Amino acid sequence: MMGILDAQATAALLPFDRLIPAVAQAMRDLRAGTIHAATRSVLPLPDGGSYLAMPCTDAQFAITKLVAVTPANRALGQPTIQGRLLVSSASHGEPLLVM
């Protein structure tokens, strides 16, 4: 069953003292070729916004980060950057988590 985490739950699971070394290791793995990442796709949104898609895979996971950049939201009191991460099983494609 796929889990869905909001921003607060995500932050609780990713404390900076564990996150920073994990990101450093991911950069080393990318350089070593065990993580594969496509070039970021950027598509236009209304009012000067952008929609970004950033997929990557390794032997265990297929992950796609989706980000909407909507500068016009500032005038509405809404966030100008909103993102989601979809984590799937690399071997079966099953969605595991949305953050």
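Everything numeric here is computed off the predicted structure, so don't read it as measured data.

(A) A look at the side chain of S89. Position of S89 among the secondary structure elements: in strand 6 (residues 81-89). Looking at S89, the relative accessible area reads 11%, which means it is buried. Separated by 3.3 Å, the side chains of S89 and S91 make a polar contact. Within the structure, S89 has its side chain in polar contact with the backbone nitrogen of H92 (distance 3.2 Å).

(B) Local environment of the environment of V87. Structurally, V87 is set in strand 6. With near-sequence residues (within four places) excluded, V87 lies in contact with F61, A62, I63, E94, P95, L96 and L97.

(C) Looking closely at the pairing of strand 7 (residues 95-98). In terms of strand pairing, strand 1 (residues 3-4) meets strand 7 through two bridges, oriented parallel. Pairing of G3 across the sheet is with L97, part of strand 7. Pairing of strand 6 with strand 7 involves three bridges; the strand directions are antiparallel. Directly across from V87, in strand 7, lies its bridge partner L97.

(D) Looking closely at the pairing of strand 6. The pairing of strand 5 (residues 61-69) with strand 6 spans nine bridges and is antiparallel. Residue pairing across strands places A68 opposite Q82, the latter belonging to strand 6. Taking the residues that link successive antiparallel strands as the turn, the strand 6-strand 7 hairpin has five residues, and the phi of G93 there is positive, at about 80°.

The rules behind the values
- Residues numbered from 1 in each chain as written.
- Predicted model: local features only at pLDDT ≥ 70, side-chain atom pairs only at ≥ 80, totals over all residues.
- Heavy atoms only, no water.
- Helix = DSSP H or I, 4+ residues; strand = E, 2+ residues; numbered from the N terminus.
- Buried < 20%, exposed > 50% of the residue type's maximum accessible area, 1.4 Å probe, protein only.
- Polar contact = N/O pair within 3.5 Å; in protein donor to acceptor, adjacent residues only side chain to side chain.
- Contact = heavy atoms within 4.5 Å.
- Pairing = 2+ DSSP bridges.

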